[in-house]
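A closer look at the structure
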Amino acid sequence: MRLVDAHCHLHAEELAGVIESALERARSRGCTGWITCAVTAEDWEAAERFAASHPGVFAAAGIHPWYGRTEDLPRLERLPEVLSRGMVAVGECGLDTRIADPPMETQLPLFRRQVAIAREMGLPLNLHCRGAWAELLAVFRREPPPDPPGILHNFNGSVEAAAPFLDYGFCLSFGGVITRRNSRKLAAVLRRAWPDHVMLETDAPDLPPVEAPEKPNLPENICYVARAAAELLEESPETVAEQTARNAVRVFRLRLP
Ligand SMILES: [Zn+2]
């Protein structure tokens, strides 16, 4: 079984001290690739260093919509150089209408600039979106996404919400939420995106699966996400693991060890 975790934060402070043994257990369960996403400009080099010292871990850099400030806009001018040192995606970035601070007028210029950088660099996006489907699509009409466009991480929308993103060629990445197995909406969207537009993720240290609810969530728990996706798709876990790993390798151009 070969698995790739398309969205996690393995270099996060909360995982220091447990991450080395957790990565070993993830490897023993078949996981061979991880995309560790930085969330602030201060975090970019930490993700880069972690990836450089852990085989199979690749870094992505961006500014998460929760943490962006107006003064981050000039900081983004440094992003292309950081990305050019072997990073595989721009992210975690995106839009979130469910938080009041930072407001949309702060989030939007930061996100637009990151989309433009992704396109100029030819790197896919690793996107966060909560309640902002229309806002994302409005940005893409002015700032077209890169090719391939990338993923919507922890996808939690309907088939109708997914449709325009699938038309752009985005993949949908599913995580701990699908282990609840109680959402007909998610089952339907998973089947709609299967086989070529589905990826799996842990979002470790966040969003633990029901089988291992303790925090922090650990990368080894990707196997529960694969099992839940396999049940919902009525496929074998091996088939789901292999297909989603292949999608991650294709979109993020990963060279797995
Ligand atoms: Zn995340």
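Before going into details, it helps to say that this report is about the structure given with it.

Parameters at a glance
- Residue positions within a chain follow its written sequence, with the count starting from 1.
- Note on the predicted model: pLDDT of at least 70 is required for a residue's local features to be given, and 80 or more for side-chain atom pairs to be given and counted; whole-chain, interface and lining totals, by contrast, use all residues.
- Helix and strand definitions follow DSSP, with helices as H or I runs of at least four residues and strands as E runs of at least two, each counted in order from the N terminus.
- To get the radius of gyration, use the C-alpha atoms; to get the globule rule, take the number of residues to the power 0.38 and multiply by 2.2 Å.
- A residue is called partly exposed when the number of other C-beta atoms within 10 Å of its own lies between 12 and 20, exposed at 12 or fewer, and buried at 20 or more, with C-beta atoms placed from the backbone.
- Throughout, a pair of residues is in contact if the C-beta atoms placed from their backbones lie within 7 Å.
- Working definition: the nonpolar core is a set of buried Ala, Val, Leu, Ile, Met, Phe, Trp, Tyr and Cys residues, joined through C-beta atoms within 7 Å.
- In this description, one arc is meant: the one made by directions from the helix axis to the C-beta atoms.
- Note: two strands are recorded as paired if DSSP finds a minimum of 2 bridges between them.
- Handedness of a crossover: with both strands directed away from the viewer, a clockwise path from the first strand across the helix to the second marks it as right-handed.

1. Topic: the overall build of the protein
Across its full length, the protein carries 10 helices and eight strands. Its C-alpha radius of gyration of 17 Å places the protein within 12% of the 18 Å reference for a compact globule of 257 residues. Once the C-alpha set of the protein is aligned to its principal axes, its extents read approximately 45 × 40 × 30 Å. When burial is assessed residue by residue, the protein has 49% of its 257 residues classed as buried. Across the protein, contacts joining residues at least 24 apart in sequence account for 74% of those joining residues at least 6 apart.

2. What about the nonpolar core?
Counting residues in hydrophobic clusters, the biggest one holds 82 residues, and the most contacted among them are Ile35, Ala60, Ala61, Val90, Leu172 and Ala229. The contact partners of Ala229, leaving out residues within four places of it in the chain, are Phe174, Ile178, Leu190, Leu200 and Val240.

3. Considerations on unusual backbone geometry
Apart from glycine, the bulk of residues carry a negative phi angle, and the bulk of peptide bonds sit in the trans form. Glu92 follows Gly91 through a cis peptide bond whose omega is 15°. Here Glu92 shows up in strand E4 (residues 89–96). In this model, Asn154 sits at a positive phi of 45°, which is unusual for a non-glycine residue. Relative to the helices and strands, Asn154 is located in the loop between strand E6 (150–152) and helix H7 (159–168). Despite not being glycine, Glu234 has its phi angle at roughly 55°, a positive value. With respect to the helices and strands, Glu234 occurs in the loop between helix H9 (222–233) and helix H10 (237–252). The class of Glu234 is exposed, set by 7 C-beta atoms lying within 10 Å.

4. Side note on helix H2 (residues 44–52)
If you check which residues of H2 are buried, you get Trp44, Ala47, Glu48, Phe50 and Ala51. Seen from one end, H2 has its buried residues packed into an arc of 165°, which puts them on one side. Structural note: H2 exposes Arg49 and Ala52 on the side pointing more than 90 degrees away from its buried face. Elements in contact with the buried residues of H2: strand E2 (31–37), strand E3 (57–61) and helix H4 (79–83).

5. Topic: the pairing of strand E1 (residues 3–8)
Extensive coverage of E1 is indicated by the burial of six of its six residues. Bridging between E1 and E2 involves four bridges; their strand directions are parallel. Counted as the bridge partner of Val4 is Gly33 from E2. Read as a crossover between parallel neighbours, the route from E1 over helix H1 (residues 19–28) to E2 is right-handed.

6. What about the environment of Glu71?
Inspection of the secondary structure puts Glu71 in the loop between E3 and helix H3 (72–75). The class for Glu71 is exposed, based on 8 C-beta atoms found within 10 Å. Considering only alpha carbons, one finds Glu71 and Phe58, 13 residues apart in sequence, at a separation of 27 Å.

7. Considerations on the pairing of strand E7 (residues 171–174)
A two-sided burial pattern is seen for E7, the buried positions comprising Cys171 and Ser173 on one face and Leu172 and Phe174 on the other. The pairing of E6 with E7 spans two bridges and is parallel. By the bridge assignment for E7, Leu152 is matched with Leu172. In the classification by handedness, the crossover that spans E6, the intervening H7 and the parallel E7 is right-handed.

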